[in-house]
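Take a look at the letters that make up each chain.
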Amino acid sequence: MNQSAKIHVPQTAKGHRPSFFDDPANDRMMAMMMALITEVSVLRDRIDTVEAIAEKKGIMLAREIETYIPDPARADARERTRQEFLERVLYIFQEEAEDVARNDTADAYETAVKVSSEN
Amino acid sequence: MLVPPPLAPHGITPEWSHDDRSRQSFQRTLRETVIRKLSAGSRVVFEKRVKPKFEKEHGRSFKDRHEARKEMRKDTFYQAHLSIQRSAQELMWASVTYALERQISDLVTRAKETKAKLGTLTLDPNLQIPRYIDSLDIHCMPGGYTTDLGDGDVAAGAIYEQGSYIYGSGRGGAYGDRLGQSIARHLKRVYPDFKPTRILDMGCATGNNTVPLADAFPDAEVHGIDLGAALLRYAHVRAESMGKKVHFSQQNAEKTNFADESFDLVISNILFHETSRTALPRILAETRRLLKPGGLMVHLEVDQFASLDLWRQIVFDAETYNNNEPFWSTYRDMDLEKVAESAGWPKGSVKLDSEPMEHMPVTSQSPAQLKSAVPGFLLITGRK
């Protein structure tokens, strides 16, 4: 079978998707969140599987995990990772705060578009 | 056991990865817990917030479910509930379709390699698909019942069987055949001497509910018809691999190519509510044409509005408007005995009956909760 003959399984349903909130942005947000929640659950299952397989091979991962205390270097590394993670996830607030700090207004943006078209 | 067993494997069962299984389990859990809790919450919101507010403002109660539904739709709790429920429906299908995309070619190959020894498969590429089936994808199943990707495609069958299993939280049992089993049980109980020699299942989809009739009446010739080619290819391979003899053909239940008086028994499972106002009486008339004198029809369907309180009417109406079930509400409002009469069944010859469902004890819910979670089913029966 060549590439062009590959058939594709439909992924969306025909028929207008209703909006439930006054602002459709909230519908999109909710849908993305539900999909993300699914994937978090799938990850937890996967970790559980790792523990279960390790246990079958005599490595009591789940029990060791419970009593594991990271050494100071590792604890620091985790702290950095956590902070970076939060910065990434909450990037939108940083963006907005820096916008305000720089006085990056919508008007200033319009002006930039105008200036670049005229110069 | 909190978790239902998976569907029993057969010759065309797709392969699910570890994460596919997790996604599908999660969608099942989401449906069984969150959606049910949100629904219970919405009921409280309706009774304690929306209804009193409306009554205070208008000095009267709701005149009908339509007025009540419109008021409910303004409530932010209910909006969030409906939004999550819609996403849950979409993600349920997605937990199946994304996994099928990577293996569809293998499934098609497996289907082609299956040699039929028992039953037959007859497809009609020129069959006209009615608008009530292909104007939108019913219950948001991607591709709907009749998408045929060509080249021996079986995707719709794989999507439908696994999606139904997740949707019903495994209550259909290892073979997803609870409805067909209930019809067989009803027949044995009410007509113990009935021995059909030819049986037709209209709108058989993947044949899960056709097979129990073949099991219950091993001497009968069993036929299943449906509009979807990919469903039927899947149904055929499934039945063959299970050693079940069923003849599948692609036909419209409104007008089949079987001769008059071809069958002793004509059945269907949750077919009517996915048809239309004009198609439904045609299907009842076709049922009568196909039955031999003395033959029986048993169409299994969801309950109608008359048996539901206002809140449950709103819940079911939501299916019509938010879950691609265009005919669902109209069907529930129809007078089925009158419709049957208009379709040639003499007055009084059609009965609306019920058959208790055998619930599969698969969830953590109490039996009472389980019972209330499963909608009632209706049997539309008649003897020619």
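Residues numbered from 1 in each chain as written. Chains lettered and ligands numbered in written order. Predicted model: local features only at pLDDT ≥ 70, side-chain atom pairs only at ≥ 80, totals over all residues. Heavy atoms only, no water.

Participant: Could you clarify how one ought to interpret the sheet that holds strand β5 (residues 263-269) of chain B in this entry?
Facilitator: All names here are of chain B. In spatial order, the strands read β1-β4-β3-β2-β5-β6-β8-β7; together these eight strands make up an open sheet with mixed pairing. The outermost strands of the open sheet, each flanked by one partner alone, are β1 (120-122) and β7 (350-353). Recorded for the sheet is a direction-independent mean angle of 15° between the axes of neighbouring strands. For β1 and strand β4 (residues 247-250), the ladder comprises three bridges, and the chain directions are parallel. When the bridges of β4 are listed, Thr-120 appears paired with His-247. Taken strand by strand, helix α7 (residues 178-190) contacts β5, β6 (291-302), β7 and β8 (377-383), and its axis lies near 140° from that of β5. The strands touched by helix α9 (residues 229-241) are β1, β3 (221-226) and β4; relative to β4, the strand with the most contacts, the crossing angle is about 175°. (Pairing = 2+ DSSP bridges. Helix = DSSP H or I, 4+ residues; strand = E, 2+ residues; numbered from the N terminus. Axes fitted to C-alpha atoms, helices over the stretch in contact; angles between N-to-C directions. Contact = heavy atoms within 4.5 Å.)

Participant: Would you mind showing me how to read the nonpolar core here?
Facilitator: Counting 58 residues, the largest nonpolar core has B:Leu187, B:Met202, B:Leu265, B:Leu280 and B:Leu284 as its most contacted members. A total of six residues in this core trace back to one element, the largest contributor, which is β6(B). Contacts of B:Met202, omitting those with residues within four sequence positions, involve B:Ile225, B:Ala253, B:Val266, B:Ile267, B:Ser268, B:Asn269, B:Leu271, B:Ile283, B:Glu286, B:Thr287, B:Leu290 and B:His299. Ranked by size, the runner-up nonpolar core spans 36 residues in total, among them A:Val9, B:Leu7, B:Tyr145 and B:Ala158. (Core = buried A, V, L, I, M, F, W, Y, C linked by side-chain atoms within 4.5 Å. Buried < 20%, exposed > 50% of the residue type's maximum accessible area, 1.4 Å probe, protein only.)

Participant: Sorry if this is basic, but what is going on with the pattern of salt bridges here?
Facilitator: Pairing of side chains with opposite charge becomes possible as their charged atoms draw close. Scanning all chains against the criterion turns up 35 salt bridges over all chains. We note a salt bridge from A:Asp99 to A:Arg102, for which the minimum N-O separation is 3.4 Å. With A:Asp99 and A:Arg102 both in helix α4 (residues 91-102) and three residues apart, this pair spans about one turn of that helix. Of the residues examined, A:Asp99 reaches a relative accessible area of 29% and is grouped as partly exposed. Across the pair B:Glu71 and B:Lys74 runs a salt bridge whose closest N-O atoms are separated by 2.9 Å. Judged by its relative accessible area of 57%, B:Lys74 is exposed. Residues joined by salt bridges that share partners form a network here, namely A:Glu39, B:Asp20, B:Arg23 and B:Arg102. (Salt bridge = Lys/Arg side-chain N within 4 Å of Asp/Glu carboxyl O.)

Participant: Help me understand the domain arrangement of chain A, please; the structure alone is not making it clear to me.
Facilitator: By a widely used convention, the size of an interface equals the accessible area lost when the partners come together. Along its sequence, chain A is organised into domain 1 (29-68) and domain 2 (70-114). Each of domain 1 of chain A and domain 2 of chain A has a C-alpha centre, and the two are 29 Å apart. (Domains from an automatic or database assignment.)

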